[in-house]
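# Commentary on secondary and tertiary structure
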Amino acid sequence: MNRRDFLKKCVAVGAGGFVLSNRALEVHIGGRPNIIVIISDDMGYADLGCHGCTDIPTPNIDSVAAKGIRFTNGYVSCPVCSPTRAGLATGRYQQRFGHEFNTGPPPGGLREEVGLPLTEITIADVLKSAGYVTGMIGKWHLGLCSHFHPFKRGYDEFFGFLHGGHSYIDPGLGTFNPILRGTEEVDEQEYLTDAFSREAVAFVERHRNRPFFLYLAYNAVHTPMQAPERYQDSFPHIEDPTRRTYAGMLAALDDGVGELLAKLRELDLEEDTLLFFVNDNGGSKNNGSIDYPLRGKKGSMWEGGIRVAFMVQWPGRLRRGVTYDHPVIALDILPTAAAVAGAEIPRDRVIDGVNLIPYLIGRSKAAPHETLFWRKGTDYAMRKGNWKLTHEDGTSGLFDLASDISEEQNLAAERPEVLEELEGLYAKWDSEMIEPVWYR
Amino acid sequence: MNRRDFLKKCIAVGAGGFVLSNRALELSISAKHLNIVFIFIDDMGWTGTSYMGSGYYETPRIDALSREGMVFTSAYTSAPNCSPTRACLLSGQYGPRHGKYTNSDPSRKPSLERLIPIENKNYLPPEIVTIAESLKPAGYATACVGKWHLGTKAEYLPPSQGFDYVVSRDDIPAEPDVDPKRIDAFTDRAIVFMESSVNKNRPFFLYMAHHTVHGPVEATEEKIAEYEGKEPWDGHTDPNYAAMTEHTDDGVGRLLDKIDELGIRDNTVVVFYSDNGGPHGLTSNYPLRGAKGMLYEGGIRVPMTIRWPGVVRPGTICDEPITSVDFYPTLLEMASAPNPAGHILDGLSIVPLLKGAKKLNRQAIFWHFPAYLQGTDATGARDTDFRTKPVGAIRKGNWKLLQYFEELEFGDGPLPQLELYDLENDIDESNNLADAMPEKRDELLAALVAWRQSVNAPVPTEHNPAYTG
């Protein structure tokens, strides 16, 4: 029996012998797909072909949009790396559990409370309990201590590094931040982006006969600025030397996505794989990225910090080559994955993300989220419909994203009643969040 | 050859065409590599140590370090206060390039300021390639212990600027009576970093940025008691401040002892430096004029010594002017790391001086301070309400010229626009020779103006409507 037939019989498997929920039963009509989440690091909003980029070709990432659904109003839950990953991992606003700031480098980062709190259930936990084999490749950035290791957070396999960044050419053997396979240091000789792509392909090959979940967290295109040799001279048309290097790094990332997709096709798995591509936050100020037409960059509450490339393909089940315009957020990935996997999401806590499938297959025309919120220290933002409240550096601005995506026209004075309403909604959400467990 | 095999040769590329294979990197690390310990004291004046002449402060360990290395008599900071000096040091660029000219607000008493000062960045831009970011590709582990002062948002903090191991005072509870200025706690953590790097056979760059001897003055009771009743010397009168200085010296000593204990003395460069002159009210920089915040010698001339066993002859003295932007190319040359592509470096490597050269191939060093710093009757200041008003300066040879921008814009007195000093014969800048020596004055002025043009330094010219005089 081939895999697709096997899946059509789709028996739920769980550590507690749990029973299929109605929702899972519904989705079983399409079988239990493999699930892949690819997350890139610090990429600019304007830097994909499908977002209008003309100086750096990204055909493979673009193909995900062409084969699936591209979110035009896709968000992450924080304008910086680690809290966004915490939100994505749990499907919850990370301020609910105090993961408001980046986990830092040692020695502070080695404090036992600095990491994704152990009370949280991750997407890997959820999918593993549904019988998926789970793998994490790349940048973890959710805690350095051993109790925060991916193995303890639902992942069967791990290849990557624990810190927030890594050299692409020096494996860092014997440093605070080595490349690890599981818990063992690896003397990785390949350009790191290519090494992660290699491992991703190998993971898929290894687990081609059972449902798998792969969380592929490239550190491309975060600093350090190191392009692979093959792209050293490939972008002479780009004037800015930093962006030239950036282009090389992005090209390697795109190559990797292409290799993974090619492997899925080779093994006849592409139709049955739900694959997300999302970027973790706005382009950083030091990697040559461009966030046009959005205002601001990584770190800020302007659209440029929180609105990102976000797309999904599931060729066997979802429409191809369309865009989806209602705001969605990376918190939605866990509930969506759980739903298609037939897995139960935790019921003892608020899950802020929503299962996007009914919206994406047109069963519901409503917006998945009435409101979305962001908070990092004293900066905050919220979105309701097309209204955006952006509170940076002590002042609130009000913007109509439908007509002013670049947040150039502050309507706070003209529409004080809207501002008041949004501030009120924010204050209510804020009151449900806790203080950060650590700072900075 | 397929792409993957080709990649196994994995060559790192910087846009400057620098090539280093992983194999070579491995070899260069296993050979005797050079560690760099940069001990950076906050607000220590030119005479803040006993070896530089204080008859009141006692700094035996720093003094010993100075005898083991080279003493620089004319070491300057590229700015007269903390945060812009650090910006210049870590970026290797003068202020006009990175936009950080002063600490926080460049306007301090608006009703008395005739000009609108130039806007000041409150952070070092993340796109700046810092020394740490340039040392990492050469295999260095990097640590920032202590004071950053270059921005508080995540993207401005040390981890985003190339530092692997970061400790700030936010990480350590304050215990001023037990561990003044957290000197011991910072030293402990620096030691952890050094030990770890040594155990892992990694060269390391330790940016040891103490908060001492900046205020508030902290010291233990016992240490203060040692200075009670001691005869003051030339404006050094405060037992509390002297005690804090000695705590600093103890901390430096402990770090140096650990370097010896780890067996890395012979392959470790130790730099000792300060970020600006001693502040008015806490100490005196006599015989220099002025204090922190001023472009007089007292604000920008600091103690500096470098120990580099096997290269620097112990006990040597260098008179050549050097400035903060010089450290970047210097440390890179020490580490055999290439200059970062696409990132202008304004300084020069001082390795030739360390190897015995008397002079650098450089005409002059410069300052641009288009801001105001308040002060009331600050020693050496030419204003009663300000430590400094917007000003630029140049040191060329033994000559120093200061150009004040209010006078440049308004063309009126009572204070002169230009001040010219012969530092060889008038180190306390008491005799303005601008009128007596017009050729020398114009020579320096032309060089200063040319430099400003070359770095696009903005001179404040906008009249302040809030000025009431």
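## Some points on the overall build of chain A
- On a plain count of helices and strands, chain A comes out with 11 helices and 16 strands.
- Relative to its length of 440 residues, chain A is compact, with a C-alpha radius of gyration of 21 Å against a globular reference of 22 Å.
- Principal axes of the C-alpha set define a box for chain A whose edges measure 65 × 55 × 45 Å.
- A burial count over chain A gives 59% of its 440 residues as buried.

## Thoughts on the overall build of chain B
- For chain B, the helix and strand inventory stands at 14 helices and 16 strands.
- For a compact globule of 469 residues, the expected C-alpha radius of gyration is about 23 Å, and chain B comes in at 22 Å, within 12% of that figure.
- For the C-alpha atoms alone, the extent of chain B along its principal axes is close to 75 × 60 × 45 Å.
- Counting all 469 residues of chain B, 56% fall into the buried class.
- Put simply, of all contacts in chain B between residues at least 6 apart along the chain, 69% involve residues at least 24 apart.

## Observations concerning helix α14 (residues 438-454) of chain B
All names here are of chain B.
- Look at α14: 24 Å from first C-alpha to last across 17 residues, which is about the 24 Å you get at 1.5 Å a residue.
- Along α14, the positions that sit buried rather than exposed are Arg441, Leu444, Leu448 and Trp451. Seen end-on, α14 carries its buried residues on one side only, within an arc spanning 100°. Within α14, the exposed residues directed more than 90 degrees away from the buried face are Glu439, Ala446, Ala450, Gln453 and Ser454.
- As for α14, its buried residues are in contact with β11 (364-369), β14 (391-396), β15 (399-404) and β16 (418-422).
- Downstream of α14 by one or two residues, Asn456 has phi in the positive range, about 55°.

## So, the nonpolar core
- Grouped together as the largest cluster of nonpolar side chains are 253 residues, with contacts concentrated most on Leu127(A), Leu216(A) and Leu206(B).
- With 11 residues, helix α7 (residues 241-266) of chain A is the largest single contributor of residues to this core.
- Contact partners of Leu216(A), with chain neighbours within four places excluded, come to Ile36(A), Val37(A), Ile38(A), Ile137(A), Gly138(A), Phe196(A) and Ala200(A).

## Topic: the interface of chain A and chain B
- On the side of chain B, 38 residues touch chain A, which itself brings 38 residues to the contact.
- A total of 4 residues in the side of chain A that touches chain B trace back to one element, the largest contributor, which is α7(A).
- Of the residues in the side of chain A that touches chain B, the class split is 13 nonpolar, 16 polar and 9 charged.

## Observations regarding unusual backbone geometry
- Cis geometry is adopted by the peptide bond preceding Val221(A), which originates at Ala220(A) and carries an omega value of 10°.
- Mapped onto the elements of the fold, Val221(A) is located in the loop between β8 (212-217) and α7.
- Here the residue pair Thr212(B) and Val213(B) is connected by a cis peptide bond, since its omega of 5° sits within 30 degrees of zero.
- Relative to the helices and strands, Val213(B) is located in the loop between β7 (204-209) and α8 (221-227).
- Even without being a glycine, Asp393(A) presents a positive backbone phi close to 50°.

## Description of the sheet that holds strand β9 (residues 301-307) of chain B
Residue and element names in this part refer to chain B.
- Spatially, 8 strands are ordered β6-β5-β7-β3-β8-β9-β4-β10 in an open sheet, and the strand pairing comes out mixed. Edge positions in the sheet fall to β6 (165-167) and β10 (316-318), since each of these pairs with one other strand and no more. Put simply, the sheet's adjacent strands are angled 10° from each other on average, direction ignored.
- In the sheet, strand β3 (residues 35-41) pairs with strand β8 (residues 268-274) via 7 bridges, with the strands oriented parallel. Of the residues in β8, the one forming a bridge with Val37 is Val270.

## Let's talk about the sheet that holds strand β7 (residues 184-186) of chain A
Residues and elements named next belong to chain A.
- As summarised here, the arrangement of the 10 strands in space is β7-β6-β5-β4-β8-β1-β9-β10-β2-β11, forming an open sheet in which the pairing is mixed. Both outer strands of the open sheet, β7 and β11 (322-324), are each paired with one neighbouring strand and no more. The mean angle between the axes of side-by-side strands here comes to 15°, regardless of whether they run parallel or antiparallel.
- When strand β4 (residues 133-139) meets strand β5 (residues 157-161), the two strands line up parallel, connected through 5 bridges. From the neighbouring strand, Gly135 faces β5, where its bridge partner is Glu157.

## With respect to the pairing of β4(A)
Residue and element names in this part refer to chain A.
- Burial within β4 is extensive, with 6 of its 7 residues counted as buried.
- When β4 meets β8, the two strands line up parallel, connected through 6 bridges. Along β8, the bridge assignment pairs Met136 with Tyr215.

## Description of the domain arrangement of chain A
Residues and elements named next belong to chain A.
- Assigned domains of chain A: these are domain 1 (3-370) and domain 2 (373-432).
- A C-alpha centroid distance of 28 Å is found between domain 1 and domain 2.
- Contact residues are listed per partner, giving 16 residues for domain 1 and 15 residues for domain 2.
- Taken together, the residues of the side of domain 1 that touches domain 2 sort by class into 9 nonpolar, 3 polar and 4 charged.

## Digging into the environment of Trp148(B)
- Looking at where Trp148(B) falls in the secondary structure, it is placed in the loop between β5 (141-146) and β6.
- Setting aside residues up to four positions removed in sequence, Trp148(B) forms contacts with Leu157(B), Pro158(B) and Ser168(B).

## Topic: the domain arrangement of chain B
- Its domain assignment divides chain B into domain 1 (1-31), domain 2 (33-363) and domain 3 (366-454).
- One C-alpha centre belongs to domain 1 of chain B, the other to domain 2 of chain B; they are set 34 Å apart.

## Describing the environment of Gly469(B)
- Mapping Gly469(B) onto the fold places it in the segment after α14.
- Placed 357 residues apart in sequence, Gly469(B) and Leu112(B) show a C-alpha to C-alpha distance of 5.3 Å.

## Quick look at helix α3 (residues 60-68) of chain B
Residues and elements named next belong to chain B.
- Every buried residue belonging to α3 is among Arg61, Ile62, Leu65 and Ser66, and all of these are buried. When α3 is viewed along its axis, its buried side chains cluster within an angular range of 145° and face the same direction.
- Buried residues along α3 sit in contact with β4 (70-76), α9 (239-261), β8 and β9.

## Examining the confidence of the model for chain B
Residues and elements named next belong to chain B.
- Averaged over every residue, the pLDDT of chain B is 92; residues scoring 70 or more account for 93%.
- Confidence drops under a pLDDT of 50 for residues 1-31, and excluding neighbours within four residues, the segment shows 50 contacts in the predicted structure.
- As scored by the predictor, the complex reaches a pTM of 0.84 and an ipTM of 0.73.

## Some details on the packing of helix α3 (residues 59-67) of chain A against α7(A)
All names here are of chain A.
- Where α3 contacts α7, the two axes come as close as 7 Å, and the packing angle between them is 55°. The angle between the axes of α3 and α7 places the two elements in the oblique class. Contact residues: Pro59, Asn60, Ile61 and Ser63 in α3; Asp254, Val257, Gly258 and Leu261 in α7.
- Across the contact of α3 with α7, the residue classes tally to 4 nonpolar, 3 polar and 1 charged.

About the thresholds
Residues numbered from 1 in each chain as written. Chains lettered and ligands numbered in written order. Predicted model: local features only at pLDDT ≥ 70, side-chain atom pairs only at ≥ 80, totals over all residues. Helix = DSSP H or I, 4+ residues; strand = E, 2+ residues; numbered from the N terminus. Rg over C-alpha atoms; globule rule 2.2 N^0.38 Å. Buried ≥ 20, exposed ≤ 12 C-beta atoms within 10 Å, placed from the backbone. Contact = placed C-beta atoms within 7 Å. Expected span 1.5 Å × (residues − 1). Arc of directions from axis to C-beta. Core = buried A, V, L, I, M, F, W, Y, C linked by C-beta atoms within 7 Å. Nonpolar A, V, L, I, M, F, W, Y, C, P; charged D, E, K, R; others polar. Pairing = 2+ DSSP bridges. Axes fitted to C-alpha atoms, helices over the stretch in contact; angles between N-to-C directions. Domains from an automatic or database assignment. pLDDT = per-residue confidence, 0-100. Parallel < 35°, antiparallel > 145°, perpendicular 65-115°, else oblique.

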